[in-house]
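# Topology and contacts: notes
So you can see what is in the structure, the chains are spelled out below.
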Amino acid sequence: MVVADIQADLGAGLAREIGGEFFQLDVASDAGWTSLMAGVEAGQGRLDVLFNNAGIVLGQSIEDLNLADWDRIIGVNLTGVMLGCQKGIALMKKNPGGPKGSIINTASTAAYAAIPSDPAYSATKSAVRLLTKAVAVHCARAGYAIRCNSLHPGATDTAILAPALGAAPHMRAAFDAMSPMGRMARPDEIAAVALFLASDEASYVTGAEYLADGGMMAGHPGI
Ligand SMILES: NC(=O)c1ccc[n+]([C@@H]2O[C@H](COP(=O)([O-])OP(=O)(O)OC[C@H]3O[C@@H](n4cnc5c(N)ncnc54)[C@H](O)[C@@H]3O)[C@@H](O)[C@H]2O)c1
């Protein structure tokens, strides 16, 4: 098991917890991915599952968008996923027994319904959805047993929401109310879907989009 993250303390801590190996990676860096894959090949000898899960939010409306920040979020949320798919496929193709693997790209409900206060985030997550399908069909047509699917969580209680949750006392209730279940997801509820997509149980699932949003996108809000 390999953990890669830009935050060395956090990533190394998680790797220790699960008995894995840690590599520091900026997902927006082509050279970073090349070096990560070389490390995985040397240490593990194969790559079975790649979870492209790193992501950031921006919180700038279209009127406030700063170009450098736009480039940064595109780099992390979209270029990072593209590079992960590209480098991941190259290593999965070398797997003993032939090209095989599962790639999971984290998108969001923001791929379907835009966040007006964060058009850049919405644009990247929407793009990840079709990037995933293009990768899936390419691999299937090439005869690789490499699957690629997108995972679309709803509001989930993680660090990425901390600034928004801390902005005002009512924010937690507002995030909870986004789902008709009346609560945010726990991270393990999202991880369980990723685990299914990673597994051979999902052997006929590719190019698919998996919502795990507590029913958020299933009904008209407030009616
Ligand atoms: N939490 C939610 O409500 C929610 C909802 C929908 C989708 N998502 C998506 O889920 C994914 C995981 O986010 P999370 O909720 O666990 O938030 P998080 O902030 O806890 O985790 C994001 C991780 O990405 C890492 N990261 C950021 N920039 C990076 C870079 N350049 N290179 C490598 N790693 C980098 C961070 O260090 C962090 O560990 C993201 O893609 C996010 O957009 C989250």
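The rules behind the values
- Residues numbered from 1 in each chain as written.
- Predicted model: local features only at pLDDT ≥ 70, side-chain atom pairs only at ≥ 80, totals over all residues.
- Helix = DSSP H or I, 4+ residues; strand = E, 2+ residues; numbered from the N terminus.
- Rg over C-alpha atoms; globule rule 2.2 N^0.38 Å.
- Pairing = 2+ DSSP bridges.
- Axes fitted to C-alpha atoms, helices over the stretch in contact; angles between N-to-C directions.
- Contact = placed C-beta atoms within 7 Å.
- Expected span 1.5 Å × (residues − 1).
- Buried ≥ 20, exposed ≤ 12 C-beta atoms within 10 Å, placed from the backbone.
- Near = placed C-beta within 6 Å.
- Nonpolar A, V, L, I, M, F, W, Y, C, P; charged D, E, K, R; others polar.
- Core = buried A, V, L, I, M, F, W, Y, C linked by C-beta atoms within 7 Å.
- Domains from an automatic or database assignment.
- Right-handed = clockwise from strand over helix to strand, strands pointing away.
- Parallel < 35°, antiparallel > 145°, perpendicular 65-115°, else oblique.
- Left-handed = near helix turned anticlockwise from the far one by under 90°.

### Description of the overall build of the protein
- Secondary structure assignment for the protein yields seven helices and six strands.
- Reading the secondary structure of the protein in the N-to-C direction produces β-α-β-α-β-α-β-α-β-α-α-α-β.
- Its C-alpha atoms give the protein a radius of gyration of 18 Å, near enough to 17 Å, the size a compact globule of 223 residues would have.
- The principal-axis extent of the C-alpha atoms belonging to the protein is close to 50 × 35 × 35 Å.

### Quick notes on the sheet that holds strand E4 (residues 100–106)
- The strand order E3-E4-E5-E6 describes an open sheet built from four strands, whose pairing is parallel. Among the strands making up the open sheet, the edge pair consists of strand E3 (49–52) and strand E6 (209–212). Taken over all neighbouring pairs, the strand axes of this sheet differ in orientation by 20° on average, direction set aside.
- Bridge analysis of strand E5 (residues 145–153) against E6 gives four bridges, and the strand direction is parallel. What sits directly across from Ser-150, in E6, is Glu-209.
- Lying on the sheet, helix H4 (residues 119–141) is in contact with E4, E5 and E6; it crosses E5 at an angle near 165°.

### Here we look at H4
- The terminal C-alpha atoms of H4, which comprises 23 residues, lie 33 Å apart, in line with the 33 Å expected from a rise of 1.5 Å per residue.
- Listed in full, the buried residues belonging to H4 are Ala-120, Tyr-121, Ser-122, Thr-124, Lys-125, Val-128, Leu-131, Thr-132, Val-135, Ala-136 and Cys-139.
- Packing partners of the buried residues in H4 comprise helix H3 (67–92), E4 and E5.

### Looking at the site of the ligand
- Looking at the ligand, there are 22 residues lining it, with Ala-54, Gly-55, Ser-108, Thr-158 and Ile-160 nearest.
- Here the residues of the shell around the ligand sort into 13 nonpolar, seven polar and two charged.

### Side note on the nonpolar core
- Within the largest apolar cluster, 44 residues are counted, with the highest numbers of intra-cluster contacts made by Leu-36, Ile-103, Ile-104, Val-135, Cys-148 and Ala-194.
- Listing elements by their share of this core, those giving two or more residues are strand E1 (2–5), helix H2 (30–44), E3, H3, E4, H4, E5 and helix H7 (187–198).
- Looking at which element gives the most residues to this core, the answer is H3, with eight residues.
- Inspection of this core shows a minimum of three residues originating in each of domain 1 (1–45) and domain 2 (50–218).
- Each residue touching Cys-148, except ones within four places of it in the same chain, is listed here: Cys-85, Ile-103, Thr-132, Val-135, Ala-136, Cys-139, Thr-206 and Gly-207.

### Focus: the pairing of E3
- Pairing between E3 and E4: four bridges, direction parallel. If you follow Val-49 over to E4, its bridge partner there is Ser-102.
- In this view, the connection linking E3 to its parallel neighbour E4 by way of H3 has right-handed handedness.

### Here we look at the environment of Gly-75
- Tracing the backbone shows Gly-75 in helix H3.
- In this structure the C-alpha to C-alpha distance between Gly-75 and Ala-28, which are 47 residues apart in sequence, comes to 4.9 Å.
- Beyond its immediate chain neighbours, meaning those up to four positions away, Gly-75 contacts Ala-28 and Gly-80.

### Focus on the domain arrangement of the protein
- Here the protein is described as being made up of domain 1 (1–45) and domain 2 (50–218).
- Distance from the C-alpha centre of domain 1 to the C-alpha centre of domain 2: 19 Å.
- Taken together, the contacts link nine residues of domain 1 with 10 residues of domain 2.
- Residue contributions to the side of domain 1 that touches domain 2 peak at six residues, all from H2.
- Looking at the side of domain 1 that touches domain 2, its residues break down into five nonpolar, one polar and three charged.

### Looking at the packing of H2 against H3
- Between H2 and H3, the shortest axis-to-axis distance is 10 Å and the interhelical angle comes to 30°. It follows from the interaxial angle that H2 and H3 lie roughly parallel. You can see that H2 and H3 cross each other, and the crossing is right-handed. Counting all contacts with H2, which are made through Asp-30, Trp-33, Thr-34, Met-37, Val-40 and Glu-41, the residues of H3 involved are Leu-83, Gly-84, Lys-87, Ala-90 and Leu-91.

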